[in-house]
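Breakdown of the fold
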Amino acid sequence: MPAIARVIPLTTTRALRGLFDYRLGPELDAEVGSLLRVPFAGRSVLGVVAEITSATEIPPERLAAPHDVLGAGLPADLVQLAQWMAAEYCSTTARALGLMLPPGAGDGAGAREVLVAEITDDGALALRAGVRLTEGQRGALGRLAQNGPGPAADLGTPLLRRLERRGLVRLSRQASRRRPATVSVGTVSPSAPVLTREQEVALAAIHAALNRRSAASFLLQGVTGSGKTEVYLQAVQATLAQGRDAIVLVPEIALTPLVLGRFQARFGDIVAILHSGLSRGARHDEWARLRAGEARVCVGPRSAALAPVRDLGLIVVDEEHDGSYKHEGDPRYDARTVAARRAEQMGAVLLCGSATPRPESVHRLPRLRLEHRIDARPLPPVEVLDMRGHHHPLHPVTRMALGDVRRGGAKAIVMLNRRGWSNFLSCRACGKVWSCPNCDVALVLHRQESFVACHHCGHREAVPTRCGQCGSPALARHGAGTERLEHELDEVLGASTFPIFRLDADVTPRRSEEALAAFEAARSGVLVGTQMVAKGHDFPDVSLGIVLDADQTLRFPDFRAEERTFALVTQLAGRAGRGGCGRVLVQTLAPEA
């Protein structure tokens, strides 16, 4: 009886249910998780093996055979996880598997190969013996002799081809890793600092759970600046020492460079990064390193919860309270729930960390407490500013505080949780408001790019010059977002010695990294942004934190509105005063809320 592969065809249709049997010939070496190309409904589609069996309800001679086995498939545990996700989130297993496969799976995408040149023994002898060579040929051989093998394109491929014909160099095609382009942000230390007593107690509990090699969960609740990241680092180190792998989740792509820099400084090249902001080739190569076991620590946002690590021993969920861990596509998974399921499935430890954890996490998970900042530094005082009766976006006290920061050569972070230039446009003559044709919500003005956009579905239109309903050119702009705030602060405070930086979802991941690195390198300045500026950043020279329109999130029709508002204010307050004295100002129209 030939082996039977029970396959999940990777189609998007929801009407398709169950597994499909295919006959495996002796020439096809497949296992659970293997990626196949199979005949299906008159066409060739990709499929993932869910089971290998010897029994089938259909006579084996009537079963079709797969066309081919394609590259490295998925670990068997991810196939099980995909089936669970499909049932948990009312989706299909194929759609869940689509989130787990590397970019370009099935279309021939793979490792990039480059032509590499290497000097031969005859080439080295020719250099020493003074054999007749052109100046360029001698220079190329000298560089290869000094630096070792290198890309042929760097030295000139035609020149090297001539040297190859003379037997002086050897040319071969070799795989070349496409490294993610990252910018180092934040202070990193290659060695572990001395732990506080609270950190030692927390790590002792984590180490005990790791040694048991059975599923366990913890909530690391610590005030901002209490050293949670160091606990993560040492927990990962203990996991690696046991020969197991780790996943570290962060809520935003913008936070990845900061966390990645710290982990790479401690563990080197075994740290990989996965997120949608990477190029297709870089993401493929990072996925392949994890699948092959060359990388053993994966850092990234919610999609990294599905990383193909070999022997998962630890999952860290940083800022576990953050709503960014919920995926908006299909399946609409919550990475925190998926991480908990995967930890249970693999007998791994789940470590959730936050200064403002969700109530359900506090209720459900055993807590490890970090109640004091490192070096006993005090938390900055928080002052609530009443904006009733004030028409300028900045309270007078806020303007004076920013002026003091500028004169003192310090730094400030200003958070306004609203993107764009203005909230919406309206016609002064007839009252028309420009709305999204898909979502029926107001379009937000983005002046720099000259469009109005829907922040729900992404619909865009050019900025109107007159009302399409009555023809009036009198258009009004209402409200302010981070783009306008950046412009106004630059006009009032900006100078070559006091730059203004912006960080929000309108800024590409690459530019976000550059903005954070530039803010860190500047002697003084202001970082303006949405809630992204409140998460996880560690800049010791930030002395002032400002929250504008703090009660905006309180008005959201969401039962978590108060919880999220408190978390945002607390998180931003934690960015100030890490290197000394700090101050936090919170502007609101509802100071008693």
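This text gives an overview of the structure that appears in the document. (Residues numbered from 1 in each chain as written. Predicted model: local features only at pLDDT ≥ 70, side-chain atom pairs only at ≥ 80, totals over all residues. Heavy atoms only, no water.)

What about the sheet that holds strand 11 (residues 271-273)?
Remark on secondary structure: sheet strands pair via backbone hydrogen bonds, oriented parallel or antiparallel. The following threshold applies: Only strands that DSSP links by at least two bridges are regarded as paired with each other. The way it works is that DSSP assigns letters per residue, a run of H or I at least four long becomes a helix, a run of E at least two long becomes a strand, and they are numbered from the N terminus. Fitting a line to C-alpha atoms yields each axis, with helices limited to the stretch in contact; the angle taken between N-to-C directions then spans 0 to 180 degrees.
Spatial strand order, 11-12-10-13-14-9-15: seven strands in an open sheet with parallel pairing. Every interior strand has two partners, whereas the edge strands, strand 11 and strand 15 (367-370), have only one. Strand after strand, the sheet turns through a mean of 20° between neighbouring axes, direction not considered. One ladder, built from six bridges, connects strand 9 (residues 216-222) with strand 14 (residues 349-354); its direction is parallel. From the neighbouring strand, L220 faces strand 14, where its bridge partner is G353.

A short note on the packing of helix 3 (residues 121-129) against helix 4 (residues 135-147)
For the record, the criterion: Working rule for handedness: look at the near helix, and if it is turned counterclockwise from the far one by less than a right angle, call the crossing left-handed; if clockwise, right-handed. Pairs of residues are marked as contacts when any of their non-hydrogen atoms sit within 4.5 Å. Residues are sorted three ways: Asp, Glu, Lys and Arg are charged, Ala, Val, Leu, Ile, Met, Phe, Trp, Tyr, Cys and Pro are nonpolar, and all the rest, Gly among them, are polar.
Two elements in contact, helix 3 and helix 4, have axes separated by 10 Å at closest approach and are oriented at 115°. When you trace helix 3 past helix 4, the crossing you get is left-handed. The segment helix 3 lies against helix 4, with G123, A126 and L127 engaging R138, L141, G142 and A145. Broken down by class, the residue content of the contact of helix 3 with helix 4 amounts to four nonpolar, two polar and one charged.

A few points about the packing of aromatic side chains
Rules: Each Phe, Tyr or Trp ring (for Trp, its six-membered ring) is paired with any other whose centre lies within 6.5 Å, and the angle between the two planes then decides the class: stacked below 30 degrees, edge-to-face above 60, tilted in between. Relative accessibility decides the category of a residue: with a 1.4 Å probe and only protein chains considered, values under 20% of the type maximum give buried, values over 50% give exposed, and everything between is partly exposed. When the NZ atom of lysine or the CZ atom of arginine is within 6 Å of a ring's centre and also within 35 degrees of its normal, the charge is said to sit over that ring.
In this structure the tally under the stated criterion is five aromatic pairs. Ring centres of F20 and F40 lie 5.0 Å apart, and the angle between their planes is 90°; this geometry places the pair in the edge-to-face category. In this pair, F20 sits in strand 2 (residues 20-24) while F40 sits in strand 3 (residues 35-40), placing the two residues 20 residues apart along the sequence. The exposure class assigned to F40 is buried, which follows from its relative accessible area of 13%. What links up through ring pairs into an aromatic cluster is the set F501, F519 and F539. Cation over ring: K411 sits above F519, and NZ or CZ is 5.1 Å from the ring centre. A cation sits over an aromatic face here: R460 above F451, 4.0 Å from the ring centre.

Brief notes about the pairing of strand 17 (residues 411-415)
With five of its five residues buried, strand 17 lies for the most part within the structure. The alternating pattern of strand 17 places K411, I413 and M415 on one face and A412 and V414 on the opposite face, and all of these are buried. Sheet topology note: the strand 17/strand 25 (residues 542-547) ladder contains five bridges and is parallel. Across the sheet, residue V414 finds its bridge partner in strand 25, namely I546.

Digging into the side chain of R336
In this fold, R336 is placed in helix 11 (residues 335-346). Overall, the relative accessible area of 8% leaves R336 in the buried class. Among all residues touching R336, those that are not within four sequence positions of it are V317, E320, H321, D322, Y325, K326 and R358.

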